[in-house]
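Chains, contacts and geometry: an overview
Each chain is listed here by its residues.
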2 protein chains.
Amino acid sequence: MKALIVVAHPEPDSFTLALAAAGRLSLEQQGWEVAVSDLYRMQFKAVLDRDDFTTVSNPDRFNVSLEQRHAWSHQGLAPDVAAEVARLLATDLLILQFPLWWFAAPAILKGWIDRVFLSGVVYGRNAMFERGRLAGKRALICLTTGGPAEAFGPNGLYGEIDDLLRPLHRGVLGFTGMTVLPPFVCHDVPYAGDDARRDMLDRYRAHLNRLDTLEALAMPRLADHLDRLQPSLRRPAG
Amino acid sequence: MKALIVVAHPEPDSFTLALAAAGRLSLEQQGWEVAVSDLYRMQFKAVLDRDDFTTVSNPDRFNVSLEQRHAWSHQGLAPDVAAEVARLLATDLLILQFPLWWFAAPAILKGWIDRVFLSGVVYGRNAMFERGRLAGKRALICLTTGGPAEAFGPNGLYGEIDDLLRPLHRGVLGFTGMTVLPPFVCHDVPYAGDDARRDMLDRYRAHLNRLDTLEALAMPRLADHLDRLQPSLRRPAG
């Protein structure tokens, strides 16, 4: 079984990197083969543009979906994109490891999604959710926040963490067919002392040790929406 | 009155850029002074790192908030960040103009937020929501999607657009004190013909012509949460 940990934090000595290392070790001890894409250390390009491709489908107008599909079928992905796509397609478990910046992933991780989650490869017009091309894989978000847990709870000032993560859980991971496991969230990290940090690392290892017993998040099913969406799905591509 | 339109689309001939141009013209005709930050054409750096600063507060450990605060008080912002911060602080109206990629903003726009929304400048530990430092400014999201409207409606396959935009509306714009106006959303853009596109541009111009009558989105108030959060707010910085 293969796992891919995608990490987004500029500081190598950050708690985010400590969580990634603990996760890697924990999985390896369970017999997983683990790859780590440490986006900051890789200086991963965050911005999707024509340099993502060595091929050109339409030189006059840059349409992301069409260029991604064309490049995929003509071996025209830039090497950095191709390498990450290969890792994503090969993995059985994807872990996104990041600090919550502005109630979302850091731009470098959003860029990894924008560039690597290729149209026509990880999803298609009739291939979403239970029919998504990444069905059979599991995904898990491990994140840190700089706020107290109660601010992310019911009626919390910042809003519930599940709501904040929905664009990633449902819009990226579930959308492509992955089984989305409950996230592991470390609150208040900038204010946590050594003991609290050790405790969070222990609890994260325990979370990874019971992966098979975690209940997946509920996702919508394409099949339940096909009747309403059928006319749209039959439209010609733009 | 000053407006700032921040645009994120790689294709100059895209409908996103057409909306930005229509918005600019409409505001200028109403007497606004309009600046446009066209992030792709500026080749705006998306990734927050040490190159955001000419100063260094702590050479051993890179803490984003502390380096941002230090740089701000020591004139140590990199020129590209300083220029955008100046535009943001000077504006009365901020428009974020983007295509929905993976149910969120493209990485280049998330990077603009990560790098420009400086800790200690646009918000502080006791300066959020109604006490946010950008109070008095208005903000509006204008976005395009590649899906049919019904998929973003109640019980829609993709989830309600208001839920998808909450991290931006509440977590970025409302969080910093801005008055958040209702978004203008163009669905199904890749499949829209010329007439439909002209209609969307007309409706967007009308939306901008009635800015003063639009009802702002409801936001939480820090004052309602202070009792619960007070212990956290008094903690020493990490």
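Relevant structure appears above.
Okay, so let's go over this structure.

Procedures and definitions
Residues numbered from 1 in each chain as written. Chains lettered and ligands numbered in written order. Predicted model: local features only at pLDDT ≥ 70, side-chain atom pairs only at ≥ 80, totals over all residues. Heavy atoms only, no water. Phe/Tyr/Trp six-rings, centres within 6.5 Å; stacked < 30°, edge-to-face > 60°. Buried < 20%, exposed > 50% of the residue type's maximum accessible area, 1.4 Å probe, protein only. Helix = DSSP H or I, 4+ residues; strand = E, 2+ residues; numbered from the N terminus. Contact = heavy atoms within 4.5 Å. Buried area = accessible area lost by both parts, 1.4 Å probe. Salt bridge = Lys/Arg side-chain N within 4 Å of Asp/Glu carboxyl O. Polar contact = N/O pair within 3.5 Å; in protein donor to acceptor, adjacent residues only side chain to side chain. Least-squares fit on C-alpha atoms with pLDDT ≥ 70 in both. Core = buried A, V, L, I, M, F, W, Y, C linked by side-chain atoms within 4.5 Å.

Quick word on the packing of aromatic side chains
Counted by the stated rule, this structure contains 26 aromatic pairs over all chains. Between Trp112 of chain A and Phe117 of chain A, the aromatic rings sit 5.9 Å apart at their centres with planes inclined by 65°, giving edge-to-face as the arrangement. The same class applies to Trp112 of chain A and to Phe117 of chain A, which are both buried. Between the aromatic rings of Phe103 of chain B and Tyr158 of chain B, the centroid separation amounts to 5.3 Å while the plane-to-plane angle is 65°, which identifies the pairing as edge-to-face. With Phe103 of chain B in the loop between strand S3 (93-99) and helix H4 (107-116) and Tyr158 of chain B in the loop between strand S4 (138-144) and helix H5 (161-174), this pair connects stretches of sequence that are 55 residues apart. Comparing Phe103 of chain B with Tyr158 of chain B, the two get one shared label, buried.

Notes on the interface of chain B and chain A
Listed per partner, the contact involves 66 residues of chain B and 66 residues of chain A. Taken together, both faces of the contact between chain B and chain A bury some 5000 Å²; the carbon and sulfur share is 62%. Summed over the shared surface of chain B and chain A, the result is 2 salt bridges. Where chain B packs against chain A, one counts 18 residue pairs in polar contact (both at pLDDT 80 or more). For the side of chain B that touches chain A, the secondary-structure elements that each account for two or more residues are H4, H5 and helix H7 (226-233) of chain B.

Topic: the relation of the copies chain B and chain A
With an RMSD of 0.0 Å, the operation that places chain B on chain A is a rotation of 180° combined with a shift of 0.0 Å along the axis. This pairing of chains is accounted for by a two-fold axis. Across chain B, the rotation axis passes nearest the C-alpha of Ala107 of chain B, at a separation of 2.4 Å. An overlap of 100% is found between the interface residues of chain B and their copies at the interface of chain A, pointing to a shared contact surface.

Observations regarding the nonpolar core
Formed by 118 residues in total, the largest nonpolar core has its most connected members in Trp112 of chain A together with Trp112 of chain B. Apart from residues no more than four positions distant in its own chain, Trp112 of chain B is found in contact with Leu4, Val6, Leu39, Phe44, Glu84, Leu88, Leu94, Leu96 and Phe117 of chain B.

With respect to the environment of Ile113 of chain B
Relative to the elements of secondary structure, Ile113 of chain B occurs in helix H4. Among the residues examined, Ile113 of chain B registers a relative accessible area of 1% and is labelled buried. Sequence separation between Ile113 of chain B and Leu168 of chain B is 55 residues, and the spatial gap between their C-alpha atoms is 9.8 Å. When residues no more than four places from it in sequence are discounted, the contact partners of Ile113 of chain B are Trp102 of chain A together with Leu168 and Val172 of chain B.

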